[in-house]
Amino acid sequence: MTKKSLYVTTPIYYPNDFLHIGHTYCTIAVDTYKKFKTYQGYDVFFTTGTDEHGQKLEDNAAANGYDNPLDYIDPIVASTKKLWESLDIHYDAFIRSTDPQHEKNVQAIFQKLYDQGDIYKGDYEGYYCTPCESFWTETQVGEDHLCPDCGRPVQIQKEETYFFRLSKYRERLLQHYKDNPSFIMPKSREHEMINNFLKDGLEDLSVTRSSFSWGVKVPFDPKHVVYVWIDALSCYLTAAGYGYDQERFERLWPASTHFVGKEIMRFHTIIWPAILMALGLELPKQVFGHGWVLFDNEKMSKSKKNIFYPEPIIQTYGVDALKYFLLREFSFGQDGSFTREKFINRLNSDLANDLGNLVSRTVSMIEKYTDGLIPEARTYNEVDEDLKAVALTILDKVNEKMEDYDFSGAFEDIWTLIRRTNKYVDETEPWIAAKDEDKTRINTILYNLSESLRIISNLLYPFLTETSLKIRHQLGLEDLPKIEDAKVWAMTKPGTRVKKSEIIFPRLDVKVEMEAMVDKNEALIKAREEEKKSQDLKDQIADDKKPEITLDDLEKLDIRMGTVKKCIDHPNADRLYVLTVDLGHKDITIVTNLKSKYSIEEMEGRKLFVLYNLKPHNFRGIDSEGMLLAAEDGDGKLALLTVDEELRNGAKVE
Ligand code: ME8
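My aim in this report is to walk through the structure given alongside it, one point at a time. Keep in mind that this is a model prediction, so the values were computed, not measured.

### Some details on the overall build of the chain
Helix and strand content of the chain: 22 helices and 24 strands. Here the chain has a C-alpha radius of gyration of 34 Å; the compact-globule value for 654 residues is 26 Å, and the former is much larger. In terms of its C-alpha atoms, the chain occupies a principal-axis envelope of roughly 105 × 80 × 50 Å. For the chain, the proportion of its 654 residues judged to be buried stands at 52%. Considering only contacts within the chain whose residues lie at least 6 apart along the sequence, 74% involve residues at least 24 apart. For the chain, the accessible area works out to roughly 31000 Å², and carbon and sulfur atoms hold 49% of it. Positive and negative side-chain charges of the chain, numbering 85 and 109 respectively, have mean locations separated by a distance of 2 Å.

Following this line, the structure appears as structure tokens:
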């Protein structure tokens, strides 16, 4: 791996359902990190993907009526990719754990570990959490027998399984942590791993299941499938070329940083390094465990009905607003609570008031006082020098913050300059300087303002790309920003024409927007439910085709047009009507259950189709001499069959 090359990853996501804001957190952070390091001159390879095996997905697919889980998973994967696209996420590899190359790799890895004695066959009995696909010990589930990860009840399960000799690697893991103090970040997570899992010994790990079949088969014992973690974690290898592109693999491996949520740190800092040690592969340089995005201090979950989806937020406020909020509001290593109020307030204070307003007033003043041309600065006084000095120190600070993945701190530094520049406007009062006959002062002020904004756009480029480019466009700068230019003053050519455009972040009404956010989120949930229903219906209609009949069979049906002459309530049945239907040559009696759908007035005089040669049937004392033809859409919606042209009673369906 060359010095300037990095390999970073997000976890691979379960395609159980549409991703929520919490899921976007890590991907947005890693993408921003990639963009920042690329801006610094690194060659960054970024992997994300989907974790598609396991009992939960098999069950979900079956519950939704799919025999092949991939038919259930494919559309969710497509929606995930679409979401990353709409968030302007630039990944280099999207790995699906069902990719044939990956499945081949998993089998080869399993075989190798088995052949060398790192995997052996045994029996496992333990407390199993189906949603988390994890076995737990008595101590871990506690008296209430609840999963320590998700808090749901666990069940005792015994099965034949293959074990990975995890216990063998305990000492080496502890030594690795010691020798590589930045292997687990933030540091507090290392203590958690040691205290909660390593201190009192390490048990071997069950790595196969025979209770379900949706997974990679153990090559020499196909009634077992490889349990999710060997399969899922190895995706990082497959995405890097393992097993099929040796040159790429050598260039990328070991990974620089695996970014993961805190609840899967154990898998990434204990199980994964041990597997890699067993395989004789280098360990990733670092695993970073980020916190959770909570919603009003609670974990987002479908059952709590507190899931916020990113799509309506992106559509309404833009990608940069969501990115800014998530990365600025929360400290990356810790949990943070997403509230609509905090979100709108941040947009208003930081993006609209501080940044948007600065851009808009600078460009307006240049239009008003210097005919839309950026003027030339001549003499610098103390205030000008201070602005310049602050501007030129920011990049170093941001670089430093980004070494620690401190996105929030990096933004804070950039905002120091934005606020300093706003203060500069107040201090220099350009509207007064503009009245001077000597234009030296107003020219200097306006030049410095545009120069400061240019540096701000340079600093923002990897974080809020769209916003950075909008600022540059308004300043008349059409080239892409270069990082080193954030440390140079007076780059803008005097005489550059500014282009006033629409406000980059309008101020929002907190109350109105808070309500609108809920409405839009709920509308999306509803639209998705409707779409699912209509898809289910399509599948149902397509699937339940009756056995074929011949034309002779059809000939047996006598269907005729009639008119309802009279409609009365059935004397002995609450839900039925008794109709007198005129078939042209005679009137017949029909008993029907359409009472819940049509009133007597709606029935009388209605033209409809009758199956005339149906054997009469007695409904609560009244013989029905035929049947009305109606269609039902499976959703409880019902309509009588009718014709598009007036026909006389008795007309036959041929
Ligand atoms: O764990 N806030 O998949 P997953 C922040 N397939 N992060 C959140 C979050 C929230 N509210 N909710 C979820 C898996 N995440 C495995 C990973 S990797 C080899 C296999 C994060 O879809 C969560 O912490 O359940 C995790 O890092 C990621 O989303 C994927 O979660």
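### Examining the nonpolar core
Phe-338, Phe-343 and Trp-415 are the most contacted members of the largest nonpolar core, which has 105 residues in total. By residue number, the principal contributor to this core is helix H14 (residues 340-370), which donates 11 residues. When neighbours within four sequence positions are excluded, Phe-343 is seen to be in contact with Ile-313, Tyr-317, Ala-321, Leu-322, Phe-325, Phe-338 and Met-517. In terms of nonpolar packing, the next biggest core, distinct from the first, is built from 58 residues, Tyr-7, Cys-235, Leu-252 and Leu-276 among them.

### A few points about the sheet that holds strand E7 (residues 184-185)
Within a beta sheet, neighbouring strands are joined by backbone hydrogen bonds and run either parallel or antiparallel to one another. Taken together, six strands build an open sheet; the order of strands is E3-E2-E1-E11-E12-E7 and the sheet is parallel. Edge strands, defined here as strands with exactly one partner in the open sheet, are strand E3 (93-96) and E7. Pairing geometry for E7 and strand E12 (residues 286-290), over two bridges, is parallel. Note that in E12 the partner of Ile-184 across the bridge is Val-287.

### What to know about the environment of Gln-315
Considering the arrangement of structural elements, one finds Gln-315 in helix H12 (residues 310-317). Using a relative accessible area of 67% as the deciding quantity, one classes Gln-315 as exposed. On a C-alpha basis, the gap between Gln-315 and Ser-86 in space is 9.3 Å, while along the polypeptide they are 229 residues apart.

Reading the values: the criteria
- Residues numbered from 1 in each chain as written.
- Predicted model: local features only at pLDDT ≥ 70, side-chain atom pairs only at ≥ 80, totals over all residues.
- Heavy atoms only, no water.
- Helix = DSSP H or I, 4+ residues; strand = E, 2+ residues; numbered from the N terminus.
- Rg over C-alpha atoms; globule rule 2.2 N^0.38 Å.
- Buried < 20%, exposed > 50% of the residue type's maximum accessible area, 1.4 Å probe, protein only.
- Contact = heavy atoms within 4.5 Å.
- Areas by Shrake-Rupley, 256 points an atom, 1.4 Å probe, with all protein chains shown as cover.
- Lys, Arg positive; Asp, Glu negative; His and termini not counted.
- Charge placed at Lys NZ, Arg CZ, Asp CG, Glu CD.
- Core = buried A, V, L, I, M, F, W, Y, C linked by side-chain atoms within 4.5 Å.
- Pairing = 2+ DSSP bridges.

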